[in-house]
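Below, each chain spelled out in residue letters.
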Amino acid sequence: AGCDETPYIKLLTQLVGDRLLIANATGSTSIYGGNLPTTPYTTNRDGRGPAWSNSLFEDNAEFGFGIRLGVDSHTAAARALVERLAAPLGDTLVKGLLSADQTSESGIAAQRDRVQALRQRLATMDGPEARRLQVLADYLVTKSVWLLGGDGWAYDIGYGGLDHVLASNRNVNVLVLDTEVYSNTGGQQSKSTPLGAVAKFASAGKRTAKKDLGLLANSYGHVYVARVAMGARMPQTVQAFLEAESYPGPSLIIAYSHCIAHGYDMAHGMSQQKLAVDSGVWPLYRFDPRRLAKGEPPLHLDYGPPKARVADYMRNEARFRVVERTDPARFKGFLKEAQEAAQKRYAVYEQLAGITVPQVGGSPEEDTRPSKPPK
C-alpha cells in the first residue's frame with residue numbers, strides 16, 4: 001500500500017487508455033498489473049481499454065518495439081486497402097480516413113466515426129480485400145505503444161535493448177518506474193540505486209553514484225526525455241506525459257517511485273518526493289527536440305537550485321539511516337558526497353538548459369561555395 005508506481009500507470013490509462021498498448025517488463029508492475037485471472041486494467045463506457053502483455057525482464061524493450069512494428073505494419077496495410085477500394089468507398093470517406101488529423105482527442109473521435117462508417121460500407125461489399133479491411137479497420141485509428149518497467153530492467157538487465165529502441169526513430173514511449181532498487185527481488189541494488197543507500201549486494205551503502213539514464217538518452221538528440229516526481233510537481237508530470245504522447249519519435253519518462261524498500265511510512269511518500277526535488281537529489285526537466293525548430297534550448301529545467309539539505313532527505317529513509325547506525329563516519333562521508341553531487345548536477349543541467357543549436361538555412365545542395373582543399 002502506498003507504492004507510487006500505480007498512480008503513474010493510472011494517469012497513463014486516464015490520458016490514453018482507450019488506445020493504449022502496454023509492453024510490461026517482469027517486475028512489480030507485472031505482478032499487480034497482470035495477476036490473472038484478475039487485473040486492474042479495465043474498459044471505459046465505450047468498451048475500450050488498454051491491451052496489456054508481459055515479457056521477460058531482459059527483453060521488454062525489444063518486445064514493445066515489436067508491437068510498434070506490428071501496429072505500423074497493420075496500419076500501412078489498412079491504408080493500402082482503403083486506397084485500392086477507393087471507388088466503391090467514395091472519395092469523401094477515403095480522403096477523410098487517409099488524411100485525418102489525430103493529434104487531438106476530438107480528431108481521434110472523428111476518425112473513429114469514419115471507421116464506423118467504413119465498416120458499414122464494407123458490410124455491403126464482397127471480395128477478400130473488403131473482408132481483410134474489416135479486420136484491419138481499427139488500425140486506421142492511432143495507437144499509443146508504451147513500454148513499462150522498473151529501473152532493474154531499464155538501467156541494468158534490459159538497458160541494451162532499451163538503448164537500441166531509443167536509438168530508432170519509431171514512435172515508442174517508455175515509462176521507467178524508478179524505485180532505485182530491484183523491488184521484486186526484495187531490494188537488490190541496481191545502477192539506479194543512489195550513493196549511500198543500503199540494498200542487497202550493497203550492505204554498507206552503495207559506493208558509486210546513480211546512473212544518469214536521462215542524460216544518456218539526451219545525448220541522442222532526437223529522444224524526448226523527462227524526469228518527473230508526482231509529489232513534487234503534479235502539473236509537470238501531466239505535461240510530460242502529454243508531450244511524450246504527442247512526440248512522433250521515441251520518448252522516455254523516468255518517474256520517481258517511492259517504494260516500501262526505501263524504509264519509511266509510505267503515507268509520507270509524496271512529501272518525501274518533494275524533498276528529493278527541493279534538495280536536488282531528483283532533478284525535474286523535460287528535453288523536447290521540437291524546441292530546436294523554435295530556436296529554443298531543447299532542455300527545460302522544472303526545478304531550481306537546491307534549497308533543502310540532502311541530509312534531511314536521506315535521514316528520512318532507513319536505507320540511508322542504517323549506515324549511520326553501523327558506520328557513522330562512512331555515513332558522514334556519504335552525506336558530504338551526496339550534497340556535492342546534487343549541487344554539481346544542477347550546475348551541469350543549468351548549463352545544458354542554456355544551450356541552443358544554430359539553425360542552418362538552406363540545404364547542402366544549395367550551397368554553391370567551393371570546398372576548401374585540406375591543408
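The structure we're discussing is the one just above.
A quick note: this is a predicted structure, and the numbers were derived from the prediction, not measured.

Draft legend 1. Highlighting the overall build of the protein chain. For the protein chain, the helix and strand inventory stands at 15 helices and eight strands. In terms of its C-alpha atoms, the protein chain occupies a principal-axis envelope of roughly 80 × 70 × 35 Å. Across the 375 residues in the protein chain, those meeting the buried criterion constitute 46%. Long-range contacts, defined here as pairs at least 24 residues apart, represent 71% of the contacts in the protein chain between residues at least 6 apart. Once the 43 positive and 39 negative side-chain charges of the protein chain are each reduced to a mean point, those two points are 3 Å apart.

Draft legend 2. Up close: the sheet that holds strand S7 (residues 285-287). Pairing is mixed in the open sheet, where eight strands are placed in the order S2-S1-S3-S4-S6-S5-S7-S8. Looking along the sheet, the strands with just one partner apiece sit at the ends: strand S2 (51-55) and strand S8 (299-301). Geometrically, the sheet is characterised by an average inter-axis angle of 15 degrees between neighbouring strands, direction not taken into account. As defined by bridge partners, strand S3 (residues 144-150) adjoins strand S4 (residues 173-178) across five bridges and the pair is classed as parallel. Along S4, the bridge assignment pairs Gly149 with Val176. Sheet contacts for helix H3 (residues 60-84): strand S1 (20-25), S2 and S3; angle to S1, the most-contacted strand, approximately 160 degrees. The sheet contacts of helix H11 (residues 234-246) involve S3, S4, strand S5 (224-228), strand S6 (251-256) and S7, and relative to S5 the element is tilted by about 160 degrees.

Draft legend 3. Representation of the packing of aromatic side chains. For the structure shown, the criterion picks out seven aromatic pairs. Look at Tyr303 and Tyr346: their rings are 5.3 Å apart centre to centre, the planes differ by 90 degrees, and that puts the pair in the edge-to-face class. Taken together, the residues Tyr303 in the loop between S8 and helix H13 (310-314) and Tyr346 in helix H15 (residues 328-352) connect sequence positions 43 residues apart. Each ring, one from Tyr313 and one from Phe320, has its centre 6.1 Å from the other, and the planes form 55 degrees; the classification is tilted. The class for Tyr313 is buried, based on a relative accessible area of 1%. Sitting over the ring of Tyr139, Lys143 keeps its end group 5.2 Å from the ring centre. Directly above the ring of Trp282 sits Arg227, whose terminal nitrogen or CZ lies 4.1 Å from the centroid.

Draft legend 4. Just the state of the cysteines, in detail. Scanning the entire structure with this criterion turns up zero disulfides. The thiol of Cys3 is not disulfide-bonded; the next cysteine sulfur, from Cys259, is found 6.2 Å away. Judged by relative accessible area, Cys259 falls into the buried class, the value being 9%.

Draft legend 5. Spatial organisation of the pattern of salt bridges. One pass over the full model with this rule turns up 22 salt bridges. Among the salt bridges present, the one from Asp138 reaches Arg119, with a minimum N-O distance of 3.2 Å. Here the residue Asp138 occupies a position in the loop between helix H7 (128-136) and S3, and Arg119 occupies one in helix H6 (residues 105-122), the gap between them amounting to 19 residues. Residue Asp138 is classed as partly exposed on the basis of its relative accessible area of 42%.

Draft legend 6. Structural detail: the packing of H3 against helix H5 (residues 91-98). Closest axis-to-axis distance for the H3/H5 pair is 10 Å, and the angle between their directions is 160 degrees. Taken as axis vectors, H3 and H5 run roughly antiparallel relative to one another. Where H3 crosses over H5, the two elements pack in a sense that is left-handed. Packed against H3, whose contacting residues are Arg79, Val82 and Glu83, the element H5 presents Val94, Leu97 and Leu98 at the interface. Classifying every residue of the contact of H3 with H5 gives four nonpolar, no polar and two charged.

Draft legend 7. View of the nonpolar core. Counting 75 residues, the largest nonpolar core has Tyr8, Trp146, Leu175, Leu252 and Met314 as its most contacted members. Looking at this core element by element, the count peaks at seven residues for H15. Counting 21 residues, the second largest nonpolar core, distinct from the first, contains Leu93, Val115, Leu118 and Ala137.

Draft legend 8. Spatial organisation of H6. Across its 18 residues, H6 extends 26 Å between first and last C-alpha, which sits within 8% of the 26 Å expected from 1.5 Å per residue. Taken together, the buried positions of H6 are occupied by Gly107, Ile108, Gln111, Arg112, Val115, Leu118 and Leu122. Across the axial projection of H6, the buried residues extend over an arc of 140 degrees, all falling on one side. For H6, the exposed residues lying more than 90 degrees away from the buried face are Ser106, Asp113 and Gln120. Residues of H6 that are buried sit in contact with helix H4 (86-89), H5 and H7.

Draft legend 9. Layout of a nonpolar patch on the surface. A contiguous nonpolar surface patch, about 280 Å² in accessible area, is contributed by Leu215, Val348, Leu352 and Ile355. Its place among the elements puts Ile355 in the segment after H15. Assessed through its relative accessible area of 43%, Ile355 is described here as partly exposed.

Draft legend 10. Representation of the environment of Gly196. Along the polypeptide, Gly196 turns up in the loop between S4 and helix H10 (213-218). Separated by 123 residues in the primary sequence, Gly196 and Arg319 place their C-alpha atoms 8.3 Å from one another. Residues within four places of Gly196 in sequence aside, it is in contact with Gly205, Lys206, Arg319, Phe320, Val323 and Phe334.

Procedures and definitions
- Residues numbered from 1 in each chain as written.
- Predicted model: local features only at pLDDT ≥ 70, side-chain atom pairs only at ≥ 80, totals over all residues.
- Heavy atoms only, no water.
- Helix = DSSP H or I, 4+ residues; strand = E, 2+ residues; numbered from the N terminus.
- Buried < 20%, exposed > 50% of the residue type's maximum accessible area, 1.4 Å probe, protein only.
- Contact = heavy atoms within 4.5 Å.
- Lys, Arg positive; Asp, Glu negative; His and termini not counted.
- Charge placed at Lys NZ, Arg CZ, Asp CG, Glu CD.
- Pairing = 2+ DSSP bridges.
- Axes fitted to C-alpha atoms, helices over the stretch in contact; angles between N-to-C directions.
- Phe/Tyr/Trp six-rings, centres within 6.5 Å; stacked < 30°, edge-to-face > 60°.
- Lys NZ or Arg CZ within 6 Å of the ring centre and 35° of its normal.
- Disulfide = S-S within 2.5 Å.
- Salt bridge = Lys/Arg side-chain N within 4 Å of Asp/Glu carboxyl O.
- Parallel < 35°, antiparallel > 145°, perpendicular 65-115°, else oblique.
- Left-handed = near helix turned anticlockwise from the far one by under 90°.
- Nonpolar A, V, L, I, M, F, W, Y, C, P; charged D, E, K, R; others polar.
- Core = buried A, V, L, I, M, F, W, Y, C linked by side-chain atoms within 4.5 Å.
- Expected span 1.5 Å × (residues − 1).
- Arc of directions from axis to C-beta.
- Patch = residues over 30% accessible without salt bridge, like charges linked within 9 Å, V, L, I, M, F, W, Y side chains within 5 Å.
- Areas by Shrake-Rupley, 256 points an atom, 1.4 Å probe, with all protein chains shown as cover.

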